[in-house]
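Per-entry structural report
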Amino acid sequence: MTISVGDKIPEVTMVKATAEGPQQVSSSEYFAGKKVALFSVPGAFTPTCSAKHLPGFVEKADDLKAKGVDEIVGTAVNDAFVMGAWNSASGSDDITMLADGNADFAEAVGLTMDGSGFGMGKRGQRFSMVVEDGTVTQLNVEEPGDFKVSSAEYMLGQL
């Protein structure tokens, strides 16, 4: 079942990419007590993700924070080292990367896709959500191949 507006973020372990190395975090604890703009991409360093999705959140970080967002989080079915390298190469200190290496988060929110045709295996779909104190208040899931409703600009219009 796909997560919906009004649902709590499910409990899974994710891995935060930090300068000190990977750090396990509990999703329910991580999203508690703050307003988070979360975006999910099928994979770090992939074309649309690197050319549009991450750069949009980097560019709009100050605008999102001005609208009350406490933290901007990017996630993908990649390990923490890849997510950290992607943020170093294309992101900013305004973005926190949470690795979903085993697709536990993508599965728990019901937003997986099969990227086997591209040699990518199980991945998370392209989506964004606003999470307030652990509860989803906005959810934007892309149609396969699209990049319209999960962008930072679209999210700004919702806040």
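Everything that follows concerns the structure shown earlier in this document.
Now for a description of the structure that goes with this document. (Residues numbered from 1 in each chain as written. Predicted model: local features only at pLDDT ≥ 70, side-chain atom pairs only at ≥ 80, totals over all residues. Heavy atoms only, no water.)

**Brief notes about the environment of F81**
- Here F81 shows up in helix α4 (residues 80-90).
- Assessed through its relative accessible area of 63%, F81 is described here as exposed. (Helix = DSSP H or I, 4+ residues; strand = E, 2+ residues; numbered from the N terminus. Buried < 20%, exposed > 50% of the residue type's maximum accessible area, 1.4 Å probe, protein only.)

**Comments concerning empty space enclosed by the protein**
- Throughout the structure, instances matching the rule amount to one cavity of 30 Å³ or more.
- Reported here for the largest cavity is a volume of approximately 30 Å³.
- Contributing to the lining of the largest cavity are S40, T75, A76, V77, D100, F105, A106, G124 and F127.
- Of the residues belonging to the lining of the largest cavity, the class tally is five nonpolar, three polar and one charged. (1 Å grid on protein atoms, 1.4 Å probe; cavity = no way out; pocket = protein on both sides within 12 Å on 5 of 7 lines; lining within 4 Å. Points joined across faces, edges and corners; volume = space filled by probe spheres on them. Nonpolar A, V, L, I, M, F, W, Y, C, P; charged D, E, K, R; others polar.)

**Points about the packing of aromatic side chains**
- As enumerated under the stated definition, the model contains two aromatic pairs in all.
- Relative to F31, the ring of Y30 lies with its centre 5.7 Å away and its plane at 80°, an arrangement referred to as edge-to-face.
- An angle of 10° between the planes, with centres 4.4 Å apart, marks the rings of F39 and F57 as stacked. Of this pair, F39 sits in strand β3 (residues 35-41) while F57 is found in helix α2 (residues 47-59), placing the two residues 18 residues apart along the sequence.
- Judged by relative accessible area, F39 falls into the buried class, the value being 0%. (Phe/Tyr/Trp six-rings, centres within 6.5 Å; stacked < 30°, edge-to-face > 60°.)

**A closer look at the pairing of β3**
- Taken across its seven residues, β3 has seven buried, putting it largely inside the fold.
- The two faces of β3 match: K35, A37, F39 and V41 on one face and V36, L38 and S40 on the other face are all buried.
- As judged from the six bridges shared by β3 and strand β8 (residues 127-132), these two strands associate in the antiparallel manner. Looking at β8, one finds that A37 is bridged to V130. (Pairing = 2+ DSSP bridges.)

From the geometry alone we can't say anything about function, so treat these as descriptive.
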